[in-house]
Amino acid sequence: MTPIPMIQARGVTYAYDQRTAVNRLELSVAAGEFVCLVGPNGSGKTTALRLLAGELVPAEGEALIDGAALWRLGVRERASHRAFLAQHDRRDVPYPVRTVVGFGAYASAMDTHEREARVTRALSALEIGGLADRPVAELSGGERRRVAIARTLVQDGTVLLMDEPTDSLDLGHADVVMRRCRSEARDGRAVVVSTHDLNLAARHADTVVMLRHGEVRSVGTASDVLTAEALSEVYECDVRVMQH
Ligand code: ADP
Ligand code: MG
């Protein structure tokens, strides 16, 4: 018997006012799988992730995590099912990095000792241990993004959703983040990350989902999906693909 996927979207449709942003989205992500969501600006990546995270209510269809429609749950209960990094996470808080990363555990039942251990692991994974006592408001854009990612990693949940986590990160740190996502998947989570960086997606994802005008254009391995033909069509420019 095939196991029930941890993330399931069935015919999910969403419109802002009259404009459809996600149209009949079908998606299935298993435990242990790392999916990258790609597609041009406005193709519906953020809307799709917010629907999965339970922050938006589908107009049609259903988005399920662990079999539950998260939008029906309260904020705390939602947070126990999935960790979610929003695209724009602007927290100009005066608190130190270690405290802000610890906020990731607010909905969790873990004890103080376990929380501290998790925070320390997340700081080290994102290479921000040296910033632990600095106020977040003083950090650079890329450093702040890594703090937000670390906070997301501290959260419970069998599902990890991140919207453009590598945005504003340098090459090396972007790679660190994607490798971390893959290892979270290997540890049994279902992981979905949106990115504009097709090289990173090709290198790290088990599955690539390419969106276009709010619809799934193709799903498969990077070499199936990221073809010169598909990319030229979807991104409306001349693309050549080189294997490396
Ligand atoms: P992506 O993340 O792929 O860039 P989005 O999901 O943010 O795409 O946007 C999909 C479409 O929905 C775009 O046409 C965008 O203009 C529109 N959209 C996104 N957010 C809003 C909003 N809050 N209000 C109205 N339209 C929105
Ligand atoms: Mg977006």
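Residues numbered from 1 in each chain as written. Chains lettered and ligands numbered in written order. Predicted model: local features only at pLDDT ≥ 70, side-chain atom pairs only at ≥ 80, totals over all residues. Heavy atoms only, no water.

Engineer: I tried to follow the coordination of the magnesium ion (ligand 2) on my own but got confused; where do I start?
Structural biologist: Put simply, a metal with four donors set out as a tetrahedron has ideal angles of 109.5 degrees, and one with six donors set out as an octahedron has ideal angles of 90 or 180 degrees. Coordination of the magnesium ion (ligand 2) by the protein involves T46 (OG1) and Q87 (OE1), with metal-donor separations of 2.0 to 2.3 Å. With T46 in helix α1 (residues 45-53) and Q87 in the loop between β5 (82-85) and α3 (97-102), this residue pair connects regions lying 41 residues apart in the sequence. (Donors = N, O, S within 2.8 Å, 3.2 Å for Na, K, Ca; no water. Helix = DSSP H or I, 4+ residues; strand = E, 2+ residues; numbered from the N terminus.)

Engineer: Help me understand the site of ligand 1 in this model?
Structural biologist: Surveying the vicinity of ligand 1 reveals the residues Y16, R19, A21, P40, N41, G42, S43, G44, K45, T46 and T47. Take G44: an N or O atom from its main chain is 3.0 Å from an oxygen atom of ligand 1. Protein coverage of the free-state accessible area of ligand 1, which is 550 Å², stands at 63%. Top element by residues in the shell around ligand 1 is α1. It accounts for three residues. Grouping the amino acids of the shell around ligand 1 by side-chain chemistry returns three nonpolar, six polar and two charged. (Near = heavy atom within 4 Å. Polar contact = N/O pair within 3.5 Å; in protein donor to acceptor, adjacent residues only side chain to side chain. Areas by Shrake-Rupley, 256 points an atom, 1.4 Å probe, with all protein chains shown as cover. Nonpolar A, V, L, I, M, F, W, Y, C, P; charged D, E, K, R; others polar.)

Engineer: What am I meant to see in the pattern of salt bridges here?
Structural biologist: The final tally for this structure, using the stated rule, is 14 salt bridges. Two residues, E116 and R98, come together in a salt bridge whose shortest N-O distance is 3.8 Å. Of the two residues, E116 sits in helix α4 (residues 112-125) while R98 sits in helix α3, which places them 18 residues apart along the sequence. The exposure class assigned to E116 is partly exposed, which follows from its relative accessible area of 36%. Three or more residues are tied together by salt bridges with common partners; here these are E114, R118 and D156. (Salt bridge = Lys/Arg side-chain N within 4 Å of Asp/Glu carboxyl O. Buried < 20%, exposed > 50% of the residue type's maximum accessible area, 1.4 Å probe, protein only.)

Engineer: For this particular structure, what's the right way to read the sheet that holds β5?
Structural biologist: Hydrogen bonds between backbone atoms are what pair the strands of a sheet, whose relative direction is either parallel or antiparallel. Read across the sheet, six strands follow the order β5-β6-β7-β3-β8-β9 without closing on themselves; strand pairing throughout is mixed. Two strands close off the open sheet at either side, each with one partner strand: β5 and β9 (215-220). Strand-to-strand twist of the sheet, defined as the mean angle between neighbouring strand axes without regard to direction, takes the value 15°. Bridge count for strand β3 (residues 34-38) against strand β8 (residues 207-212) is four bridges, and the pairing is parallel. By the bridge assignment for β8, C36 is matched with V208. (Pairing = 2+ DSSP bridges. Axes fitted to C-alpha atoms, helices over the stretch in contact; angles between N-to-C directions.)

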